[in-house]
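Structure at a glance
Below, each chain spelled out in residue letters.
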Amino acid sequence: MSTTSFSSHRATPVFKRPLIAALMTALLTSITVTGCSAPESNDSEPADSNTENKTADKAKNVATNEAVSVTTISVDTIKGSVDLAINPSPLVVYDMTLMQDLAALDVAVDGMPNGLKLNNLHSKTQPDPKEVGTVFEPDLEALNAMQPQAILVGSRMAEKYNALSSIAPTLDMSIDTANIYESSKQRLHDLGALFGKSDQALKLQQDIDGLINETKTATKNKGNGLVIMVNGNKLSAYGAKSRFGFIHTVLGVPMVDNQIKDADHGQPVSFEYLQKTNPDWLFVIDRSAAIGEESVGAKAVLDNPLVAQTTAWKKNQVVYLSPDSYLAFGGYYQWMQDLTAIKTAFSQAK
């Protein structure tokens, strides 16, 4: 993901028009208010001058005064630079990683997809969002009715960028899976700046970094590992440049196989492969469970004579990653849950 840069704060001055006559003053005032309350284009400007002032006032770390009616920042995204007013509202979000970070920042989201499987995607202190489609297909009619000031998307909705950007300023904030730590760190920083919550974003990142350091201490010199996904009776393995590669690149767990091919859905492998590579640790994603499909479950699938011969199975060194690792990889709660699970497992290893 591109590094985010912020433009100079753009201030819109408020001018006092000279009094020509009482009637002319009233007429000019009426025209000015009408012009501010109904923007002609779907840009990032708030709907009216009162909203603009509230937006600027609520934005932390932003200097405001009586001459400022709106403050904007420029965010560099995969699709280029996008100018947005701080605290854009209404706000629509289609990416679950973004939803986790915004929930942790206690930012109100006005529109979200339906059918979400995780329970940590929305701040409990904010009103429930309206449904605006699914994570793969937006409801354009609902979006047009909502008139959002900003739409945030990630990898699953990125292909709908053009359709969404015709409705409102759209930010493609997809995470770079080959560099998931730095990418997710940058995104959390960007969200903090965009919503006037830079201090809170820094605190959340410190939570993640502190737990990373503790987990690295626990995993040091404790053996190699292999990340696999169980999808029904099918298995796939993931390497260092995958969305699960942080286990190797960030936590320092050596890969049992350095020849795993990079692919969105992993490299297909067999039970014989697990027995042959013989990892000291297995990190398991249960895809069926994550998306709510009925299945016998990853534990039952792996409970067979070939896997039983691996060091990981013999020593009970199998770590089941959270559903968040599949649905919201790089999100605040995903980091905290999976790091805690890995740290606990390695700390208990004999």
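What counts, and where the lines are drawn
- Residues numbered from 1 in each chain as written.
- Predicted model: local features only at pLDDT ≥ 70, side-chain atom pairs only at ≥ 80, totals over all residues.
- Heavy atoms only, no water.
- Phe/Tyr/Trp six-rings, centres within 6.5 Å; stacked < 30°, edge-to-face > 60°.
- Helix = DSSP H or I, 4+ residues; strand = E, 2+ residues; numbered from the N terminus.
- Buried < 20%, exposed > 50% of the residue type's maximum accessible area, 1.4 Å probe, protein only.
- Lys NZ or Arg CZ within 6 Å of the ring centre and 35° of its normal.
- Pairing = 2+ DSSP bridges.
- Expected span 1.5 Å × (residues − 1).
- Arc of directions from axis to C-beta.
- Polar contact = N/O pair within 3.5 Å; in protein donor to acceptor, adjacent residues only side chain to side chain.
- Contact = heavy atoms within 4.5 Å.
- Salt bridge = Lys/Arg side-chain N within 4 Å of Asp/Glu carboxyl O.
- Axes fitted to C-alpha atoms, helices over the stretch in contact; angles between N-to-C directions.
- Parallel < 35°, antiparallel > 145°, perpendicular 65-115°, else oblique.
- Left-handed = near helix turned anticlockwise from the far one by under 90°.
- Nonpolar A, V, L, I, M, F, W, Y, C, P; charged D, E, K, R; others polar.

1. Focus: the packing of aromatic side chains
Considering all chains together, one arrives at six aromatic pairs under this definition. Between Phe246 and Trp335, the ring centres sit 5.1 Å apart and the planes meet at 65 degrees, which makes this aromatic pair edge-to-face. Remark: Trp335 occurs in helix α14 (residues 332-347) and Phe246 occurs in helix α8 (residues 246-249); sequence separation between them is 89 residues. By the burial criterion, Phe246 is buried, and Trp335 matches it. An angle of 10 degrees between the planes, with centres 6.2 Å apart, marks the rings of Phe283 and Phe346 as stacked. Pair noted here: Phe283 is in strand β11 (residues 281-286) and Phe346 is in helix α14, with a separation of 63 residues, a long-range link. A network of ring pairs unites the aromatic residues Tyr181, Phe246 and Trp335 as a single cluster. The cationic tip of Arg156 hangs over the ring face of Tyr326; the distance from NZ or CZ to the ring centre is 5.8 Å. Cation over ring: Lys299 sits above Tyr320, and NZ or CZ is 5.1 Å from the ring centre.

2. A short note on the pairing of strand β2 (residues 80-85)
Pairing between strand β1 (residues 72-77) and β2: six bridges, direction antiparallel. Considered in β2, the bridge of Val75 is made with Val82. Between β1 and β2, which pair antiparallel one after the other, the connecting turn spans two residues.

3. Side note on α14
Its 16 residues place the ends of α14 22 Å apart at the C-alpha level, agreeing with the 22 Å of an ideal helix rising 1.5 Å per residue. For α14, the complete set of buried residues consists of Tyr332, Gln334, Trp335, Asp338, Leu339, Ile342 and Phe346. Viewed end-on, α14 has its buried residues packed into an arc of 155 degrees, placing them on one side of the element.

4. A look at the side chain of Ser74
In this structure, Ser74 sits in strand β1. A distance of 2.4 Å separates the side chain of Ser74 from the side chain of Ser81, its partner in a polar contact. Only 3.0 Å separates the side chain of Ser74 from the side chain of Asp83, close enough to count as a polar contact.

5. Section: the environment of Asn114
Within the secondary structure, Asn114 is located in the loop between β4 (111-112) and β5 (130-131). When the C-alpha atoms of Asn114 and Tyr94 are compared, they prove to be 9.8 Å apart, with 20 residues separating the residues in sequence. In contact with Asn114, not counting residues within four places along its chain, are Glu131, Gly133 and Thr134. In this structure the side chain of Asn114 is engaged in a polar contact, spanning 3.5 Å, whose partner is the side chain of Glu131.

6. Description of helix α3 (residues 96-105)
When you tally the buried positions in α3, you get nine out of ten residues, the bulk of the element. Those residues of α3 not exposed but buried are Met96, Thr97, Leu98, Met99, Gln100, Asp101, Leu102, Ala103 and Leu105. With a side-chain oxygen lying 3.2 Å from the backbone nitrogen of Thr97, the N-terminal cap of α3 falls on Asp95. At the exit of α3 stands Asp106, carrying a positive phi of roughly 60 degrees.

7. Concerning the pattern of salt bridges
Taken as a whole and assessed by the stated rule, the structure comprises four salt bridges. One salt bridge in this structure joins Arg187 and Asp95, with 3.5 Å as the shortest N-O distance. Of this pair, Arg187 sits in helix α6 (residues 180-194) while Asp95 sits in the loop between β3 (91-93) and α3, placing them 92 residues apart in sequence. A relative accessible area of 7% places Asp95 in the buried class.

8. Points about unusual backbone geometry
The step from Ser89 to Pro90 runs through a cis peptide bond, and the omega angle for that step is 5 degrees. Inspection of the secondary structure puts Pro90 in the loop between β2 and β3. With phi around 55 degrees, Gln147 is a residue other than glycine that occupies positive phi space. Along the polypeptide, Gln147 turns up in the loop between α4 (140-146) and β6 (150-153). Residue classification places Gln147 among the partly exposed positions, given a relative accessible area of 45%. Even without a glycine there, the phi angle at Asn316 is positive, about 60 degrees. Relative to the assigned elements, Asn316 resides in the loop between α12 (311-314) and β12 (318-320). With relative accessibility at 65%, the residue Asn316 sits in the exposed group.

9. Overview of the packing of α6 against helix α7 (residues 198-219)
With their axes 7 Å apart at the nearest point, α6 and α7 run at an angle of 155 degrees to one another. Here α6 lies roughly antiparallel to α7, going by the angle between them. Handedness of the α6/α7 crossing: right-handed. Mapping the contact onto sequence places Tyr181, Lys185, Leu188, Gly192 and Ala193 in α6 and Ser198, Ala201, Leu204, Gln205, Asp209 and Ile212 in α7. Residues of the contact of α6 with α7, tallied by class, amount to six nonpolar, three polar and two charged.

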